[in-house]
Every structure is written in C-alpha cells, then in structure tokens.
Amino acid sequence: MNIKEIKAKSILRKHKKIDSWFISCYAMNLYRGCLHNCVYCDGRTEKYQIQGEFGKDIEIKINAIEILQRELDPKRKRKPFKKCFMMVGGGACDGYQKTEEKYQLTRNVLHLIEKFGYPVQLLTKSTLIERDLDVIKRINEKSRAIVNFSFSSVDEKISQIFEPNVPSPEKRLNTINLFKRNGISCGMFLMPVIPFLTDSPEMIENSIRKAKDAGVDYIIFSGMTLKIGRQQDYFYSQLKKHFPNLISKYHNIYKGDKWGNVTHEYYSTINQRFDSLTNKFQMPKRMPLHLFQNILDENDKVMLILEHIDYLLKLKGQISPYGYAAWSISKLDQPLTETRQKLRSIKGVGSVTEKIIKEILDTGNSSYYKKLME
Ligand code: SF4
C-alpha cells in the first residue's frame, strides 16, 4: 500500500439533477483510489485519472474536513442546498477502506452532517462502518440516514476472487442486520452482477433471499460495464487466470460499446430475471417512497416517481415515456403546483402523465407507481 497525502481544492460535487438511485444531488470522495481493489471496479477507467496502481496506491484528501466545513455550512451559501440526501461513498472509492481506520475522514464528515442537520446516505462494502453506528443513529433520529451495501453476489468464493480486500458477503449481511436492529434503513446494491458467474437465476435468487433475511428495505440492481482501457484489460487478465473458458462468452456480449455496455439482449435477460425474482420475494427495486418523501421538494418528488416508473417499466422490457417527462420536470424553475393548469406544455407530458402528476400533487403518491412497486 502506498499512501500519499494531498490537498484538495473542493470536496462537494453537485449533480445536474437529483440521482434516482440515491435520491441525492451532492456527493463526495474523501480518498482517490480504492484499496478494496475489486476486479470489476469502474474506478480503473481513465476518466477518473487515478494515479499509480489502482488498488495499491491511494491518495488521502487530508484537508477534506476543513473544506467541507465551509462547503456544508448553510450560512455561507448564497443559494440554499437542494433538499435531498448527501451521498458519502460510491464513485471510485469506498469511504470505509483501510485508510479510514487511521484518517477517520468519513467519521468526521458524518459529524459535520450531524451538526448541519442534513439527511445522509452511505454506500460501502466495508464492515468498518459499524464503528460509526453511534453518529449514524443520531443523524437518523434528526434528519434520516440510510446505509447501503454493495454486493456482486452473496457467494463467498466469487467474492474472494473479485473483491479481494473486502469483508465476506456474510459479514456484510451481518452488518446490515446490525444497522436494521438499530432502526436504520438499509439497501443492497446488487451491482454489478458478473456475467456468467453471478447472474444466474439461482445466484440472484440467493442474493435476494439473504438480503431479505438480513432485513434490507430495497435492492438496486445493475449489470457490469467494462470500458475499453485499464478497466477491461485488468478484468480480462483476472478472468483469464480464474475462468479462462469464459473469455469467448464475454467477447460475445461486450462488443466495444464506448460506455462498456453489454448487448441489449443480455441486459434484457438479466433485467427480466431480476424483476421476476424480486416480485417473488416482494422486494422493492427502488428506494421506497416513505424513505424520501418528506425530504424532497415537490418537483423533485414528482420527477423521482416518474423516473422510478420509467425504470420499472423498462425492467419488464416495456417502452416508457416517463423518463423524458421526468427530465423536462428536472429543468423547471417554477413549482409544479404553479403550472398545474399548463402541465401539458411540459415536454414529454401527455394526458396519462398529466394525470399521474396531478395525483402526486394532490395525494403525495401515484396509484400506478404503488402498483408497480408491489
Ligand atoms: S469497493 Fe467500490 S470503489 Fe472500491 S474497488 Fe470495490 S467497486 Fe471500486
């Protein structure tokens, strides 16, 4: 492990629009690089510009707390923060990797979030998060905290190969259970499922069953992207070592898409598989509304529900107009109640979408959405 301490100029990143997976529009990375060294990690891609050897070299943003103290202070903001979760983790680093034991940047960020009263979401693969149960509980009581764990499956052997420096799936599930017993809502990020290794019906079913037993509130699912360059080269080198017979099958589904996507047929197969298995276990496939409905403002809530409907329909292989309407609403400056009479003038909003929007404005929910989430 090579540690380099660096000074960052800024920490908080604002998304252009609220993220429908995390219900967040602010994110932060406190480290550059990740010692967990997952074989499939997207953090290896050139776009992140992570220096040195990924998985071994790590940069610590040593002044992160000092900067965030200023960035998070609402008194120093000309425009108030959007109402949503602050996201800690995700991106190309895990906030609870080994270096956190000593540097405690994530813990200190949580103290700032507690002080300023923001809701927070965390995403990790590390059981070190148990150390921060005390502060996470306090945030949850005050403004809400949600803890998410990512898994490629719950198979111990696959995890040892593809997530070499991460606590085993069983340990992660136990940690989820600990947080649940302490009143904290938890999500499983079943992503990425690894083609031909963790994407079978049996593997996905096992992951959902164990997540349900641990008490998770929802599961977010995704396939694996392999971008040409460092990420793909490293993944294929490990695949060749452990599962050489799969190489040709991979070449059949990764055909050089610039975002590293697999073929449409493959995505449809695994999405429909996940859809029917989560139905079987009555497991929500998106964060349930009751966990975020009091946090968002009106437009964002409508936009989020439309995006969720869009996702749930596409998961079943159906065409959906709702994503476009959601995108248009994300660009509006006025509250939707003020444009209630002119909803059809919003791009992508037809008569059915208009009805859904009005129902959300009147009741806080949509019966169509509720049905899809069941
Ligand atoms: S824990 Fe996440 S960020 Fe870290 S190596 Fe694994 S996939 Fe990448």
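Residues numbered from 1 in each chain as written. Predicted model: local features only at pLDDT ≥ 70, side-chain atom pairs only at ≥ 80, totals over all residues.

Some thoughts on the pairing of strand β5 (residues 57-61)
Part 1: Bridge count between strand β1 (residues 2-6) and β5: five bridges; the pairing is parallel. By the bridge assignment for β5, Glu5 is matched with Ile60.
Part 2: In this structure, strand β4 (residues 31-32) lies alongside β5, joined through two bridges in antiparallel fashion. The partner of Tyr31 across the bridge, within β5, is Ile60. (Pairing = 2+ DSSP bridges. Helix = DSSP H or I, 4+ residues; strand = E, 2+ residues; numbered from the N terminus.)

Details of the site of the ligand
Part 1: Within the structure, the ligand sits among Cys34, His36, Asn37, Cys38, Cys41, Gly43, Ala92, Cys93, Asp94 and Lys125.
Part 2: Looking at the shell around the ligand residue by residue, the class counts come to five nonpolar, three polar and two charged. (Near = placed C-beta within 6 Å. Nonpolar A, V, L, I, M, F, W, Y, C, P; charged D, E, K, R; others polar.)

Details of the packing of helix α1 (residues 64-72) against helix α3 (residues 105-116)
Part 1: At their nearest, the axes of α1 and α3 sit 10 Å apart, and the two run at 20° to each other. By the criterion of interaxial angle, the relationship of α1 to α3 is roughly parallel. Considering the relative orientation of α1 and α3, their crossing is right-handed. Residues Ala64, Ile65, Leu68, Gln69 and Leu72 of α1 form the contact with α3, whose participating residues are Leu105, Asn108, Val109, Leu112 and Phe116.
Part 2: Split by residue class, the contact of α1 with α3 holds eight nonpolar, two polar and no charged. (Axes fitted to C-alpha atoms, helices over the stretch in contact; angles between N-to-C directions. Parallel < 35°, antiparallel > 145°, perpendicular 65-115°, else oblique. Left-handed = near helix turned anticlockwise from the far one by under 90°. Contact = placed C-beta atoms within 7 Å.)

So, the nonpolar core
Part 1: Core analysis: the largest hydrophobic core is formed by 98 residues, its most contacted members being Val120, Val147, Ile219 and Leu306.
Part 2: For this core, the leading source of residues is helix α11 (residues 298-315), giving eight residues.
Part 3: Residue-level mapping places this core at the junction of two domains, with at least three residues from each of domain 1 (2-291) and domain 2 (298-373).
Part 4: The contacts of Leu306, once residues within four sequence positions are left out, are Tyr322, Ala325, Ala326 and Ile329. (Core = buried A, V, L, I, M, F, W, Y, C linked by C-beta atoms within 7 Å. Buried ≥ 20, exposed ≤ 12 C-beta atoms within 10 Å, placed from the backbone. Domains from an automatic or database assignment.)

Comments concerning unusual backbone geometry
Part 1: Cis geometry marks the peptide bond from Met191 to Pro192, where omega comes out at 0°.
Part 2: Topologically, Pro192 is positioned in the loop between β9 (185-190) and α7 (201-214).
Part 3: In the Ramachandran plot, Gln49 falls in the positive-phi region, its phi being about 50° despite a non-glycine side chain.
Part 4: You can see Gln49 is positioned in the loop between β4 and β5.
Part 5: A tally of 8 C-beta atoms within 10 Å means that Gln49 is categorised as exposed.
Part 6: Positioned with a positive phi, Phe196 is a non-glycine residue whose angle comes to about 65°.
Part 7: With respect to the helices, strands and loops of the structure, Phe196 is situated in the loop between β9 and α7.
Part 8: With 15 C-beta atoms packed within 10 Å, Phe196 lands in the partly exposed category.

Overview of the pairing of strand β6 (residues 85-89)
Part 1: Most of β6 is tucked away, with five of its five residues classed as buried.
Part 2: One ladder, built from four bridges, connects strand β3 (residues 24-28) with β6; its direction is parallel. Paired with Ala27 across the two strands is Met87, which belongs to β6.
Part 3: Bridge analysis of β6 against strand β7 (residues 120-124) gives four bridges, and the strand direction is parallel. What sits directly across from Met87, in β7, is Gln121.

Digging into the sheet that holds β5
Part 1: Pairing is mixed across the open sheet formed by three strands, whose spatial order is β1-β5-β4. On the outer flanks of this sheet lie β1 and β4, each paired with one strand and no other.

A word on the domain arrangement of the chain
Part 1: The assigned domain composition of the chain is domain 1 (2-291) and domain 2 (298-373).
Part 2: Placing the centre of domain 1 and that of domain 2 at their C-alpha centroids yields a distance of 27 Å.
Part 3: Listed as interface residues are 14 residues of domain 1 and, on the opposing side, 13 residues of domain 2.
Part 4: Put simply, the parts of the chain that give the side of domain 1 that touches domain 2 at least two residues each are β2 (13-19) and α10 (264-281).
Part 5: At four residues, α10 tops the list of elements feeding residues into the side of domain 1 that touches domain 2.
Part 6: A class-by-class count of the residues in the side of domain 1 that touches domain 2 yields six nonpolar, four polar and four charged.

Notes on helix α12 (residues 322-330)
Part 1: Of the positions making up α12, those classed as buried are Tyr322, Ala325, Ala326 and Ile329. Down the axis, α12 shows its buried residues gathered within 100° of arc, on one side only.
Part 2: Buried residues along α12 sit against α11 and α13 (351-363). (Arc of directions from axis to C-beta.)

A look at the sheet that holds β6
Part 1: In spatial order, the strands read β2-β3-β6-β7-β8-β9-β10; together these seven strands make up an open sheet with mixed pairing. Strands at the two margins of the open sheet, each flanked by one partner only, are β2 and β10 (218-221). Ignoring strand direction, the axes of neighbouring strands in this sheet form an average angle of 25°.
Part 2: Alignment of β7 against strand β8 (residues 145-151), held across five bridges, turns out to be parallel. By the bridge assignment for β8, Leu123 is matched with Asn148.
Part 3: Running at roughly 165° to β8, helix α6 (residues 169-181) makes contact with β8 and β9 of the sheet.

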